[in-house]
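Overview (structure and organization)
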Amino acid sequence: MILFHKKLILFVMTLMAVSTSAEVPQNFAKVEKKHFVVNDQPYYFVGTNFWYGAILGSKGQGGNRTLLIKELDFMKENGLVNLRVLIGSDGDNGVPSKVEPTLQIKPGIYNDTIFEGLDFLLSELGKRNMKAVLFFTNSWEWSGGYSQYLNWAGKGKNPVPSVDGWPAYMAYVKQYAGCGECRKMLKNHIKHVISRTNRYTKIKYTDDPAIFSWQIGNEPRSFSDTNKPLFVSWLKDISSYIKSLDKNHMVSIGSEGLHGCEEDMNLFEQIHSDKNIDYLTMHIWPKNWGWLDVKNMPGTLQKSIDSTAAYMNSHMAVARKLEKPIVVEEFGFPRDHHQYNLKDSTSLRDAYYTSVFETILKASKTNDVLAGCNFWAWGGMARPNPNHIYWVKGDDYMGDPAQEEQGLNSVFNTDATVKIIKKYVQKMHNIPTPVDQNATQGTQALFHNMIGNLNKGIMLAHQDDAAYGHDWYGKAGGSDVKAVAGDYPAMVGWELGHLEIGASYNLDSVYFKDMKRLMREVYERGGINTISWHGDNIVTGKTAWDCGQDSVVRTILPGGSNHAKFLTWLDRLSGFFHDLKDENGNTFPVIFRMFHEHTGSWFWWGAKQCTPDEYNQLYRMTVNYLRDVKGVHNVLYAFSPCNINTEKEFLLRYPGDDYVDIVGVDAYCGNKNTDETNTKFKKEVSVQLDIVTGYAKKANKIPVLAETGMEGIANPDFFTKVLLPAIAPYKISYVLLWRNAYTIKTHYYAPFPGHASAVDFKKFTDMPEILLNKEIQSMYVFEK
């Protein structure tokens, strides 16, 4: 489980801290210029429906405060800080399809254990800086609502749809819009609730910022065209009454939208144009509305997504016209095979949820009116009873009310959906997070610390530094960088080329068993390992530089003739990553930089060798296979083109933010010491780091100079006069100097003792901007 970065905790605390001031606290939610605002900051959210929260918080039947606290902690940890909650149900217990225990047993007669549960819930929400939408009544039978008030008003026995049928129920509740006695009883109930003081916090409900808004009801409807004027009048009267009792909190209707307004968009606009209604709502049910065919769920998923998008867009248009926010406060989707147990997967639901979250994410980035969502609904740690389908007294409470199959739409704490929810919460609030939602804690910490250290300096990396040097190979503790600078580089680069073909050593003659040992030594002294991969051409069997064909990538992708073989290559890489263990047998984190310099044309994955789409598919396929199929969770993924001049060019062959943790470029200074060469290099680095650091800031990625150097270091002042001026203006995480080849005497990029640039290199590494191994600390644990 990914730990929330402390930035989110600070964000939530800033937005929602509890105040007991008699004045309207800053942290009350309100609307300003068609947006929600808390503490004068825009408030966009992903929340859930937690209708049974007050029951769970009670000390009576159904209460379980220990579980409630666990649920709230889990929800907050995953970013769900806005909950939609039923204040309480109405009428007798023991009625089929109705949730119990009820709150309002008879008009004005209450089961105080539920009020105590609501008090406890609000007090716990306040402690966690969470907020609740509280709704008073319901069109549907599962909490009493319309039909119960009609019964109390003397309109006869209230039908139960599961017993008496839907036609009987619908005909009965049509009476509600014109029921004056029902309106009077509801007002009395509203006054009783709003006038309360929380017995735990001693805060009046009217002064409690844990309440996000009051909501008139769950899916209130007119239930006929002729009732529309009465329906409008009723909503206007009730919303005005709530505002007269509480001027601190927002008021909403709880409308489904078009489908809850007799298919009349003008009615939807009319009821939300009221000055006492602060924001709009819509509910979306693909299965109930015929978009999703449960007998062909995969085949109707896209129809569900497209119809949902159209529904959202039409309602957002009304919100823009009224200049008010809008919330998708209900949407649900069954499990993959329409089963009600946790063994059934959720891939279709996850895809559907993703489409909704993407729309909200876009709105949050463009300050649009779509302010958030509350998915239906939270199942959390509850579990369906395998002995029956519908809820019976004694069963766990979950997101599906008593009239629904238990587990139908509930999102449980172990569902893959939770990780998607958390990912979008983090994106919405601009919180950096690794692309692997299951990354080890050390890998998560490395990611966050590399971002956090951008203000501290630039880590120095050197390729193969611990394996060999200019004139040595395999010397224990060897390092050309240390021999000149007095300390190891903060990072060491490694190469996996030839691992894919089952060789025992890589293309630079480093044995993989030695590499694993040396990488562990780097890790144990606090350094960071980064890995490149010059994999062979799978078609010709020659090196990565054999790039005369334009079809190699195509053969590797799914459906290609070499796809299966390429997966065996990735299996070998996976095995290597899994073998990187610390003294306790736990995998330690590394960076994996694959298919680099792809904007050039000297590798089989280059710009002339494959299309942008083929390259992006190759990168995504590799990440997906290592991360999701092979369970590699100790890797941060790096991306580094070369010779780029614009962000558009940078992004043309970019697999997407969901696949890349580190963005960088490779840039070299050639091997000649001329003013022209040095000036050209500095200019090229500047242009490319402008692009990389700019994009990294927008996308919450780690910016780096992934490869660089001057071959042979012909300029004795290269490091302080050329490289440092090129990189110092930029907040990059590291700069990697390429290798010192022990077999090629002119192929080196870091100095060694006696080299003409050694003195300059020592000055360079002594600069406060440049960090060596001893100058980085605790990269694998979260800062407290």
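Now for a quick tour of the structure.

Some words on the overall build of the protein chain
Each helix and strand counted, the protein chain has 23 helices and 26 strands in total. A compact globule built from 784 residues should have a C-alpha radius of gyration of about 28 Å, and the protein chain, at 31 Å, falls within 12% of that. Its C-alpha atoms put the protein chain at 100 × 60 × 50 Å along the principal axes. Per-residue burial over the protein chain gives 62% buried out of 784 residues. Taking as baseline every contact in the protein chain between residues at least 6 positions apart, the subset at least 24 positions apart corresponds to 74%. Surface exposure of the protein chain reaches about 28700 Å², of which carbon and sulfur atoms provide 51%. Each charge class in the protein chain can be summarised by its mean position, and for the 84 positive and 86 negative side chains these summaries are 3 Å apart.

Things to note about the sheet that holds strand E5 (residues 82–86)
Taken in spatial order, the eight strands line up as E10-E9-E8-E5-E4-E13-E12-E11 in an open sheet, and their pairing is parallel. In this open sheet, the two strands that pair with only one neighbour each are strand E10 (250–252) and strand E11 (280–284). Neighbouring strand axes in the sheet, compared pairwise and without regard to direction, differ in orientation by 25° on average. In this structure, strand E12 (residues 326–331) lies alongside strand E13 (residues 370–375), joined through three bridges in parallel fashion. For Val 328, the partnering residue across the bridge sits in E13 and is Cys 373. The sheet contacts of helix H8 (residues 180–194) involve strand E8 (131–138) and strand E9 (211–218), and relative to E8 the element is tilted by about 155°.

Considerations on the state of the cysteines
Taken as a whole and judged by the stated rule, the model has one disulfide. A sulfur-sulfur distance of 2.4 Å marks the disulfide that ties Cys 179 to Cys 182. On the S-S bond that ties Cys 179 to Cys 182, the torsion sits near 75°, and the link is right-handed. By relative accessible area, Cys 182 is classed as buried at 0%. Left without a disulfide partner, Cys 547 is nearest to the cysteine sulfur of Cys 610, which lies 11 Å away. Under the relative-accessibility criterion, Cys 547 is labelled partly exposed at 21%.

Digging into helix H3 (residues 65–77)
Quick reminder: α-helices carry 3.6 residues per turn. Residues three or four places apart thus point the same way. Over its 13 residues, H3 runs 18 Å from end to end, which matches the ideal 18 Å to within 8%, given 1.5 Å per residue. The inward-facing, buried residues of H3 contact strand E4 (45–49), helix H2 (53–56), E5, helix H4 (112–127), strand E14 (378–380) and helix H13 (417–428). Where H3 terminates, the next one or two residues include Gly 79, which has phi positive at roughly 90°.

Let's talk about unusual backbone geometry
The peptide bond linking Glu 100 to Pro 101 adopts the cis configuration, its omega dihedral lying at 5°. The topology assignment puts Pro 101 in the loop between E5 and strand E6 (104–106). The phi dihedral of Lys 33 is positive, around 55°, even though this residue is not glycine. Here Lys 33 shows up in the loop between strand E1 (30–32) and strand E2 (35–38). For Lys 33, a relative accessible area of 77% gives the class exposed. The backbone of Phe 595 shows a phi angle near 50°, a positive value even though the residue is not glycine. On the secondary structure map, Phe 595 appears in the loop between strand E21 (590–594) and helix H19 (612–629). Classification of Phe 595 as buried rests on a relative accessible area of 1%.

Quick word on the sheet that holds strand E3 (residues 41–42)
Reading across the sheet, the three strands line up as E1-E2-E3 and stay open at both edges, with antiparallel pairing between neighbours. Where the open sheet ends on each side, the last strands, each with one partner, are E1 and E3. When E2 meets E3, the two strands line up antiparallel, connected through two bridges. By the bridge assignment, Val 37 is partnered in E3 with Pro 42.

Structural notes on the pairing of E9
Where burial is concerned, most of E9 is hidden: eight out of the eight residues are buried. Where E9 lies against E10, three bridges are found, and the strand directions are parallel. Paired with Trp 214 across the strands is Val 251, a residue of E10. Regarding topology, helix H9 (residues 228–245) serves as the crossover connection from E9 to the parallel E10, and that connection is right-handed.

Digging into the pattern of salt bridges
Applying the stated rule across the entire model yields 38 salt bridges. Across the pair Lys 127 and Glu 124 runs a salt bridge whose closest N-O atoms are separated by 2.9 Å. Residue Lys 127 and its partner Glu 124 are both found in helix H4; the two are separated by three residues, about one turn of the helix. By relative accessible area, Glu 124 is classed as buried at 4%. Three or more residues are tied together by salt bridges with common partners; here these are Asp 73, Glu 124, Lys 127 and Arg 128.

Remarks on a nonpolar patch on the surface
A cluster of nonpolar side chains, Tyr 473, Tyr 505 and Tyr 511, forms an exposed patch at the surface whose accessible area comes to about 290 Å². For Tyr 505, the location among the structural elements is in the loop between strand E19 (491–495) and helix H16 (512–524). The exposure class of Tyr 505 is partly exposed, given its relative accessible area of 39%.

Here is what the cut-offs are and how they apply
- Residues numbered from 1 in each chain as written.
- Predicted model: local features only at pLDDT ≥ 70, side-chain atom pairs only at ≥ 80, totals over all residues.
- Heavy atoms only, no water.
- Helix = DSSP H or I, 4+ residues; strand = E, 2+ residues; numbered from the N terminus.
- Rg over C-alpha atoms; globule rule 2.2 N^0.38 Å.
- Buried < 20%, exposed > 50% of the residue type's maximum accessible area, 1.4 Å probe, protein only.
- Contact = heavy atoms within 4.5 Å.
- Areas by Shrake-Rupley, 256 points an atom, 1.4 Å probe, with all protein chains shown as cover.
- Lys, Arg positive; Asp, Glu negative; His and termini not counted.
- Charge placed at Lys NZ, Arg CZ, Asp CG, Glu CD.
- Pairing = 2+ DSSP bridges.
- Axes fitted to C-alpha atoms, helices over the stretch in contact; angles between N-to-C directions.
- Disulfide = S-S within 2.5 Å.
- Expected span 1.5 Å × (residues − 1).
- Right-handed = clockwise from strand over helix to strand, strands pointing away.
- Salt bridge = Lys/Arg side-chain N within 4 Å of Asp/Glu carboxyl O.
- Patch = residues over 30% accessible without salt bridge, like charges linked within 9 Å, V, L, I, M, F, W, Y side chains within 5 Å.

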